[in-house]
Amino acid sequence: MEATAPDRRFAEDYRLAREIPRDGLTAWRAAVAAEVELAPGATVLDVGAGTGSFASAFADWFGVRVLAVEPAAAMRALIPRNGLIEALDGRAEALPVPDGCADAAWLGSVVHHIGDLPAAARELRRALKPGAPVLIRNSFPGRCARDLRVRFFPGAERIVDGYPTVEQTCAAFAGAGFSRVALHAVPQESAPSLAAFADRIRRDTDAKLRGLADDEFERGMRRLRTAAEQEPDRPAVSWMDLLVLA
């Protein structure tokens, strides 16, 4: 189905607000490389690929083929197209890929959007080669204090508390034969300054912010703008978790 004009505007806002500049993802490249050996000829399954920021990063970093699965047509339309990236219409619980086709799966900020995690885990088990890992980049309850949005918008922690915990995620995947391999907190530079980070915020595109009351959001923006004035040269560094299952 073709994307509507509001959907296209949302996707453009999402890309502006949520995609992290490539040079801000240096620690993520290192964290992934430490967990799985990826090289040209390998295939990575990017589940919930959004506008394709990480699909493009994986292709550039490792020279791998990326199967970028995204259910929203407007988001999928913005995924970069090249010889290594294939954008597919699908969702985690029903992946449009062959059995045993991927050397790793990447779930970036998507676990809390999946309606049936055990079903998604079974699909990933089907799609992955034996022993291939699932790499989950997400915020988890009780582990999000260094998230910039939680720092400036404390109510965002309440939103994250509704996400699956590390333990719940591991339990959902255990039914499909996955076990926890590693859990790391990884930094990312979301913007070169707090002011630039504030300028990029689009509330409707961010699950951690759109659930806040208006006054909570406005207070958070004031805190962020004040901090940006006090520390004009401070980069906007946030942290998220990398949970590895195999």
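As the structure is a computational prediction, the values presented were derived from the model and not from experiment.

A. Region of interest: the overall build of the protein chain. The number of helices and strands found in the protein chain is 11 helices and 7 strands. Its C-alpha atoms give the protein chain a radius of gyration of 18 Å, within 12% of the compact-globule value 18 Å for 246 residues. Projecting the C-alpha coordinates of the protein chain onto the three principal axes gives extents of approximately 50 × 35 × 30 Å. Put simply, the protein chain has 246 residues, and 53% of those count as buried.

B. Structural detail: the nonpolar core. Membership of the largest hydrophobic core comes to 33 residues, with the highest contact counts inside it found for Leu 45, Leu 107, Leu 124, Val 134, Ile 136 and Phe 173. Secondary structure elements with two or more residues in this core: β1 (43-47), β2 (65-69), β4 (104-108), α5 (117-127), β5 (134-138), α8 (166-174) and β7 (236-245). Looking at this core element by element, the count peaks at 5 residues for α5. Aside from chain neighbours lying at most four places away, what touches Val 134 is Ala 105, Leu 107, Leu 124, Leu 128, Phe 173, Phe 178, Leu 243, Val 244 and Leu 245. Membership of the second largest hydrophobic core comes to 30 residues, among which are Phe 54, Ala 57, Ile 79 and Val 244.

C. Geometry of the UniProt feature "domain: Methyltransferase type" (unreviewed entry) in the protein chain. As annotated in UniProt, the feature "domain: Methyltransferase type" (unreviewed entry) corresponds to residues 45-134 in the numbering used here. This span, residues 45-134, is 28% helix and 20% strand, and a straight line between its end C-alpha atoms measures 9 Å.

D. Layout of the pairing of β4. Among the 5 residues of β4, 5 are classified as buried, and the element is accordingly described as predominantly covered. The alternating pattern of β4 places Ala 104, Trp 106 and Gly 108 on one face and Ala 105 and Leu 107 on the opposite face, and all of these are buried. Note: β1 against β4, 4 bridges, orientation parallel. Directly across from Leu 45, in β4, lies its bridge partner Ala 105. For β4 and β5, the ladder comprises 4 bridges, and the chain directions are parallel. Counterpart to Leu 107 in the pairing with β5 is Ile 136.

E. Looking closely at the sheet that holds β4. Across the sheet, which stays open at both edges, the 7 strands sit in the order β3-β2-β1-β4-β5-β7-β6 with mixed pairing between neighbours. This sheet does not close on itself; its edge strands, each paired only once, are β3 (85-88) and β6 (180-191). Direction aside, neighbouring strands of the sheet carry axes that sit 20° apart on average. Along the sheet face, α5 touches β1, β4 and β5 and points at about 165° away from the line of β1. With respect to the sheet, α8 is in contact with β5, β6 and β7, its orientation differing from that of β7 by roughly 30°.

F. Examining the packing of aromatic side chains more closely. One pass over the structure, following the stated rule, counts 8 aromatic pairs. Considering the side-chain rings of Trp 61 and Phe 62, the 6.0 Å spacing of their centres and the 75° angle between planes classify their relative orientation as edge-to-face. A single burial state applies to Trp 61 and to Phe 62, both of which are buried. Relative to Phe 178, the ring of Phe 173 has its centre 5.6 Å away and its plane inclined at 70°; by these criteria the two rings are edge-to-face. In this pair, the class of Phe 173 matches that of Phe 178, namely buried. Each member of the aromatic cluster is reached from another via a ring pair, and the members are Trp 28, Phe 54, Phe 58, Trp 61, Phe 62 and Trp 106. The ring of Trp 28 is capped by Arg 137, whose NZ or CZ atom sits 5.4 Å from the centre of that ring. Geometry around Trp 239 places Arg 146 over its ring, the cationic atom sitting 3.8 Å from the centre.

G. Broad picture of the pattern of salt bridges. Using the criterion set out here, one finds 19 salt bridges in the structure. As a salt-bridge pair, Asp 147 and Lys 208 come within 3.4 Å of each other at their nearest N and O atoms. Placement of the pair is Asp 147 in the loop between β5 and α6 (148-152) and Lys 208 in helix α10 (residues 207-210), with a sequence separation of 61 residues. In this pair, the class of Asp 147 matches that of Lys 208, namely buried. Several salt bridges converge on common partners, so that one network encompasses Arg 18, Asp 147, Arg 149, Asp 206 and Lys 208.

What counts and what doesn't
Residues numbered from 1 in each chain as written. Predicted model: local features only at pLDDT ≥ 70, side-chain atom pairs only at ≥ 80, totals over all residues. Heavy atoms only, no water. Helix = DSSP H or I, 4+ residues; strand = E, 2+ residues; numbered from the N terminus. Rg over C-alpha atoms; globule rule 2.2 N^0.38 Å. Buried < 20%, exposed > 50% of the residue type's maximum accessible area, 1.4 Å probe, protein only. Core = buried A, V, L, I, M, F, W, Y, C linked by side-chain atoms within 4.5 Å. Contact = heavy atoms within 4.5 Å. UniProt positions renumbered as here; feature names shortened; annotations may be inferred. Pairing = 2+ DSSP bridges. Axes fitted to C-alpha atoms, helices over the stretch in contact; angles between N-to-C directions. Phe/Tyr/Trp six-rings, centres within 6.5 Å; stacked < 30°, edge-to-face > 60°. Lys NZ or Arg CZ within 6 Å of the ring centre and 35° of its normal. Salt bridge = Lys/Arg side-chain N within 4 Å of Asp/Glu carboxyl O.

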